[in-house]
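Coordinate inspection notes
So you can see what is in the structure, the chains are spelled out below.
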Amino acid sequence: MRPGKAAPLALLAALGALGAAVLLPLRLTLADADIPAGDAPATNPMKGLAAWGENYRKDPYVAFAYVPVYWDELEPRPGEYDFDALEQRCHFDRWRADGVRLILRLVADTPTDAPHMDIPQWLYEAMDGAGTHYDGDYGQGFSPDYEDPVFRQAHRALIQALGQRYADDPQVAFIELGSLGHWGEWHVDTGAGIDPFPLRQTAESYVQDYLAVFRPDQLLMRRPYPIARDEGLGLYNDSFGLPESHEQWLAWIEEGYCSDQTGEWLPAMPEFWQQAPSGGEFSPGEPDAWYFSPEQFPVTLDLLRQSHTTFLGPNAPAWGTLEGDEAQNLRTLVCEMGYTLGVRRCRVWRALPGGALQTELRWENTGLAPLYADWPVVLELRSDAGEVIWCGQFPAPLSDWGPGVHTLTLTLEGADPLPKGAYTLWVGIWDPLAGRAGVALCMDAPRDGGMYRAARFVIS
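What this report covers is the structure whose coordinates are included nearby. (Residues numbered from 1 in each chain as written. Predicted model: local features only at pLDDT ≥ 70, side-chain atom pairs only at ≥ 80, totals over all residues. Heavy atoms only, no water.)

Details of helix α7 (residues 200-211)
When the terminal C-alpha atoms of α7 are compared, their 16 Å separation across 12 residues agrees well with the 16 Å that a helix rising 1.5 Å per residue should span. Packing partners of the buried residues in α7 comprise β4 (101-107), α6 (149-166), β7 (172-177), β8 (219-221) and α8 (226-231). (Helix = DSSP H or I, 4+ residues; strand = E, 2+ residues; numbered from the N terminus. Expected span 1.5 Å × (residues − 1). Contact = heavy atoms within 4.5 Å.)

Written out as structure tokens, the structure reads:
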């Protein structure tokens, strides 16, 4: 470039930058508040302990009730489903009144001390008795032939009926699969003369029954399978906290494993908890207090963190059954489970001239997992006298908010014009079961029910 042209070009560039700046909207900042973290809440929707659904109780750590779905009770006659019997046995209404959600598991084979069947008599007859009556180390019962086409078709119809009843029910949080093996845990005792567990192709066809009617992030499997990895399902560990078996479960997830049931290689699912929950219950191999003793609790807590656990139960301590350090350790465990959300910074501004109010909320999840539901964020504007003068709900991708910082920028449509005066902005998360903002947030800020004050500003 010749020297004589440098100055005009520089001037043009400066004028262009000035013009661009003039075109940028002006913004009047009304508030820019940092909010410190408060104490982590122990109790919250969609995280915590699970109680046995049949044994209703008041328990501040219980967020779920585990509901075993017994086939013989639910479908006493072909195609006739007695949901009232299930819901009365497991106290659906009483749990709902307490804001407790449900975890369902279909059980077709529960070993007990006496000969019996957990499938309906009509189905047994339609299958011509395909399966094995057993008396083994686990107890007595009947293991159906999971390859039998009559059983397969009846199972598919049953899951469709469950989906029609519960897939859109906000009280039903998760479904554990269920369906195959003793206690629905995807294993059989071949030493009792039972036919081997079905191979992957058959087993995964049962999973497809569930996927046809329930969202993948509602479903949890006992063991990693390719279909669970590919569809984004969760996993549950019914031997939680017992170091040897728990570490084996973690190794399955991290490295993959050869199934002891079928000899098939099944793949790793190391990041499964980012899409769907990690759950389970404490192993009955040790008493409840053992997991929370001063000597053992550091191991229990470390296993919880490695597993990114959202719920545990029904084999879990009831509130008030532990004392001293053990009771405090139980509270610590419940606090660390699942998600812990709070707003760390709130900015409020208005674009000039005449723009709507906007806010940027910088959230932090200091927990182990997301909240596996995209519930709305609730905002309120209140006058200095505390009167709510505007409120709104906004979609938020909470199911994508794993541990870390997440920013949400929102426009408060309809909040203008505001007369001169002082205002506060309050924030919460809507709980569809409660019908209000019902999530306890980790914020050192004034609180009103499920709403937290995030910022104060003045219109002059």
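Section: the pairing of strand β15 (residues 357-365)
Every other side chain in a regular strand lies on the same face of the sheet, so the side chains alternate between the two faces. Both strand β14 (residues 341-352) and β15 contribute to a ladder of 9 bridges, which runs antiparallel. Following the sheet pairing, V348 is matched in β15 by T359. Taking the residues that link successive antiparallel strands as the turn, the β14-β15 hairpin has 4 residues, and the phi of G354 there is positive, at about 70°. By the bridge criterion, 8 bridges tie β15 to strand β18 (residues 404-411) in an arrangement that is antiparallel. Bridge assignment links N365 to a residue of β18, and that residue is G404. (Pairing = 2+ DSSP bridges.)

Digging into the packing of aromatic side chains
According to the stated counting rule, one finds 26 aromatic pairs in the structure shown. Between Y146 and Y206 the ring centres are 6.4 Å apart and the planes differ by 85°, which places this aromatic pair in the edge-to-face class. Taken together, the residues Y146 in the loop between β6 (139-144) and α6 and Y206 in helix α7 connect sequence positions 60 residues apart. In this pair, the class of Y146 matches that of Y206, namely buried. (Phe/Tyr/Trp six-rings, centres within 6.5 Å; stacked < 30°, edge-to-face > 60°. Buried < 20%, exposed > 50% of the residue type's maximum accessible area, 1.4 Å probe, protein only.)

Description of unusual backbone geometry
Along the chain, G313 connects to P314 via a cis peptide bond; the corresponding omega equals 15°. In this structure, P314 sits in the loop between β13 (311-312) and α12 (324-336). A positive phi angle, near 55°, is found at D128, a position not held by glycine. Tracing the chain through its elements places D128 in the loop between α5 (121-126) and β5 (131-136). For D128, a relative accessible area of 73% gives the class exposed. With phi around 55°, H308 is a residue other than glycine that occupies positive phi space.

Things to note about helix α9 (residues 243-255)
Helix length check: α9, at 13 residues, gives a terminal C-alpha distance of 17 Å against a target of 18 Å (1.5 Å per residue), a fit within 8%. Those residues of α9 that sit buried are H246, W249, L250, W252 and I253. One side of α9 holds all its buried residues, which, seen down the axis, span an arc of 150°. Residues of α9 that are exposed and angled more than 90 degrees away from the buried face: E244, E254 and E255. On its buried side, α9 packs onto β9 (234-240), β10 (257-258), β12 (278-282) and α11 (297-307). (Arc of directions from axis to C-beta.)

Focus on the pairing of β5
As defined by bridge partners, β5 adjoins β6 across 6 bridges and the pair is classed as antiparallel. Bridge pairing in β6 links G136 to G139. The turn linking β5 back onto β6 is made up of 2 residues.

Some remarks on the nonpolar core
Core analysis: the biggest nonpolar cluster contains 119 residues, and M221, W363, L379, V427 and F457 have the highest contact counts within it. Here this core takes 7 residues from α6, the largest share from any one element. Contacts of M221, omitting those with residues within four sequence positions, involve L177, W186, V207, I227, A228, L233, G234, L235 and Y236. (Core = buried A, V, L, I, M, F, W, Y, C linked by side-chain atoms within 4.5 Å.)

Let's talk about the sheet that holds β4
Strands sit in the order β12-β9-β8-β7-β4-β3-β2-β13 across an open sheet of 8 strands; the sheet is parallel. Either end of the sheet is taken by a strand with one partner, and the two such strands are β12 and β13. As defined by bridge partners, strand β2 (residues 48-52) adjoins strand β3 (residues 62-70) across 4 bridges and the pair is classed as parallel. Its bridge partner being in β3, A50 is matched across the sheet by F64. Across the sheet, α11 touches β9, β12 and β13, and the angle it forms with β9 is around 165°. (Axes fitted to C-alpha atoms, helices over the stretch in contact; angles between N-to-C directions.)

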